[in-house]
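Residues per chain are reported as follows:
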Amino acid sequence: MTNTYKLLLQGNFSEFYDAEFNYTDTLNNTFTVDETTIACQAFSLPLAYNIAVCILFVHIFLLALPGNITVGLVIISNLRFLSPSDIYLFHLVIADTLMALTLPFSSIDLLTGWIFGGAMCKLVNLVREANFYTSILFLVCISVDRYMVIVRAMEARKVQRIMCSWAVCIVVWILGVLLSLPALYNEVHSIDGRDLQICAERFEIDRADEWRLATRVMKHLLGFLIPLCVMLTCYGVTVARLLRTRGFQRQRAMKVIAAVMVAFLLCWTPFNLATMVDTLLRANLVENGCAAQHSVSLAMFITQSLALIHCCVNPVLYGFVGEKFRMRLLYMINKTRPFERGTPSRSTRSTSQTSEGVSRFL
């Protein structure tokens, strides 16, 4: 008769467990928890942060909406005198206006959670992502057009250039919509079993990392790095040409170019840098941890909120700074005063084409 069978007959089950399963040794063992295998808690902000961001969104909305609408009305009131830059600016105004219209949904979402349903969750994120791409691409189009006018002196065949500009705008909108299609993965779901509903992306579990990494790389390249390189190149060459151009308008044109680049860099660089760091964390290319993830999530939240300021800065940079825009605006306000369109005389036409490009730039 074995010892185990004897223990069972005696009713000594504790010794049986000790003998067969080392039960007491298991209780005395010390386990070391691997923190990298523990899921991090969902990122959330105190109510004070959400209220502050909501106030910022309200101010951006109140500035962006009337500013962009005013610029749009001024542009369409002079359809016969539009330049390619005016066409790109008009579509940029539409993109910034649509972006501003999403801010009330974001404000309410921060305070109460998402209460607008699944369809609006997808639609709002689709509009936001589409206008994220289109607004930056239209900025690139404006920089390229001003390079062509000032450096290449492309004033000939204006009708063909205008038709080409409209075609480019259509391509930009189609490209923006296609690039924003991953926003359709946004769904309404609860977080941590709470009643609070959020609108966030939800990929398939087995392919979530691959999809997120692919969309992030696409956003980094097409939404920031490539546009930034094109803008720096075009405006850099344009400034170099202006330095060799004589005229009292040269300094004004250079100031406008500097303001455009500074506004773009200040608004978008912090957000894109934070997003790139988050991509590196998700791809496990840098040391990952819950503290690092929460810090990057906080940085992305703050920098994205500040980046939205750009949609109310564009009307000031591309509209109110220009002398031509102010003349058109005054004509709209006071129609009794005839609109003085700068029609060049024969003597004026003998000036260099670069000077004409600078004049159109302003």
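Residues numbered from 1 in each chain as written. Predicted model: local features only at pLDDT ≥ 70, side-chain atom pairs only at ≥ 80, totals over all residues. Heavy atoms only, no water.

Focus: the pattern of salt bridges
Here comes step 1: This model, assessed by the stated rule, comprises three salt bridges.
Here comes step 2: When the shortest N-O distance is used, the salt bridge between D145 and R161 registers 2.8 Å. Separated by 16 residues along the polypeptide, D145 in helix α7 (residues 117-150) and R161 in helix α8 (residues 158-179) bring together distant segments of the chain.
Here comes step 3: The partner of D278 in a salt bridge is R216, with the nearest N and O atoms 2.6 Å apart. (Salt bridge = Lys/Arg side-chain N within 4 Å of Asp/Glu carboxyl O. Helix = DSSP H or I, 4+ residues; strand = E, 2+ residues; numbered from the N terminus.)

Re helix α5 (residues 84-101)
Here comes step 1: Compared with an ideal rise of 1.5 Å per residue, which puts 18 residues at 26 Å, α5 spans 26 Å between its outermost C-alpha atoms and is within 8% of the ideal.
Here comes step 2: Among the 18 residues in α5, 14 count as buried, and that is most of the element. (Expected span 1.5 Å × (residues − 1). Buried < 20%, exposed > 50% of the residue type's maximum accessible area, 1.4 Å probe, protein only.)

Examining the state of the cysteines
Here comes step 1: Taken as a whole and judged by the stated rule, the model has one disulfide.
Here comes step 2: Between C121 and C199 runs a disulfide, and the two sulfur atoms are separated by 1.8 Å. Handedness here is read from the sign of the S-S torsion; for C121 and C199, about 85°, the answer is right-handed. You can see C121 sitting in helix α7 and its partner C199 sitting in strand β2 (residues 197-201), a full 78 residues away along the chain.
Here comes step 3: Judged by its relative accessible area of 0%, C121 is buried.
Here comes step 4: In this model C311 remains outside any disulfide bridge; the closest cysteine sulfur is found in C312, 5.4 Å from its own.
Here comes step 5: The class of C311 is buried, set by a relative accessible area of 4%.
Here comes step 6: With relative accessibility at 14%, the residue C312 sits in the buried group. (Disulfide = S-S within 2.5 Å.)

Observations regarding the nonpolar core
Here comes step 1: Residues L89, F132, M231, Y235, F264 and W268 are the most contacted members of the largest nonpolar core, which totals 51 residues.
Here comes step 2: Of all the elements, α7 adds the most residues to this core, at 10 residues.
Here comes step 3: If we ignore the near neighbours within four places in the chain, the residues touching M231 are L139, V140, S143, G236, V260, M261 and F264. (Core = buried A, V, L, I, M, F, W, Y, C linked by side-chain atoms within 4.5 Å. Contact = heavy atoms within 4.5 Å.)

A closer look at empty space enclosed by the protein
Here comes step 1: Tallied over the full model, the rule gives two cavities of 30 Å³ or more.
Here comes step 2: Along its surface, the second largest cavity is lined by D96, M99, S135, I136, L139, W268, A307, L308, H310, C311 and N314.
Here comes step 3: Mapped by element, the contributors of at least two residues to the lining of the second largest cavity are α5, α7 and α12 (310-320).
Here comes step 4: A breakdown of the residues in the lining of the second largest cavity according to their chemical character gives seven nonpolar, three polar and one charged. (1 Å grid on protein atoms, 1.4 Å probe; cavity = no way out; pocket = protein on both sides within 12 Å on 5 of 7 lines; lining within 4 Å. Points joined across faces, edges and corners; volume = space filled by probe spheres on them. Nonpolar A, V, L, I, M, F, W, Y, C, P; charged D, E, K, R; others polar.)

Comments concerning the environment of F132
Here comes step 1: Turning to its location among the elements, F132 is positioned in helix α7.
Here comes step 2: You can call F132 buried: its relative accessible area is 6%.
Here comes step 3: Distance in space between the C-alpha atoms of F132 and A95 is 8.2 Å, their sequence separation being 37 residues.

Concerning a nonpolar patch on the surface
Here comes step 1: Among the surface-exposed residues, I69, L73, I76, L79, L330, M332 and I333 lie close enough to one another that they form a single nonpolar patch of about 650 Å² accessible area.
Here comes step 2: Put simply, the parts of the chain that give the nonpolar patch at least two residues each are α4 (47-76) and α13 (323-333).
Here comes step 3: With respect to the element layout, I76 can be found in helix α4. (Patch = residues over 30% accessible without salt bridge, like charges linked within 9 Å, V, L, I, M, F, W, Y side chains within 5 Å. Areas by Shrake-Rupley, 256 points an atom, 1.4 Å probe, with all protein chains shown as cover.)

Looking at the packing of aromatic side chains
The relation between two aromatic rings is expressed through the spacing of the ring centres and the mutual angle of the planes.
Here comes step 1: The final tally for this structure, using the stated rule, is seven aromatic pairs.
Here comes step 2: Pairing F105 with F116 gives two aromatic rings, centres 5.0 Å apart and planes at 75°, and the pair type is edge-to-face. You can see F105 sitting in helix α6 (residues 103-112) and its partner F116 sitting in the loop between α6 and α7, a full 11 residues away along the chain.
Here comes step 3: F105 gets classed as partly exposed once you look at its relative accessible area, which sits at 23%.
Here comes step 4: With relative accessibility at 27%, the residue F116 sits in the partly exposed group.
Here comes step 5: On the basis of an interplanar angle of 70° and a centroid distance of 5.3 Å, the ring pair of F132 and W268 is categorised as edge-to-face. Highlighted residues: F132 in helix α7 and W268 in helix α10 (residues 250-282), separated in sequence by 136 residues. (Phe/Tyr/Trp six-rings, centres within 6.5 Å; stacked < 30°, edge-to-face > 60°.)

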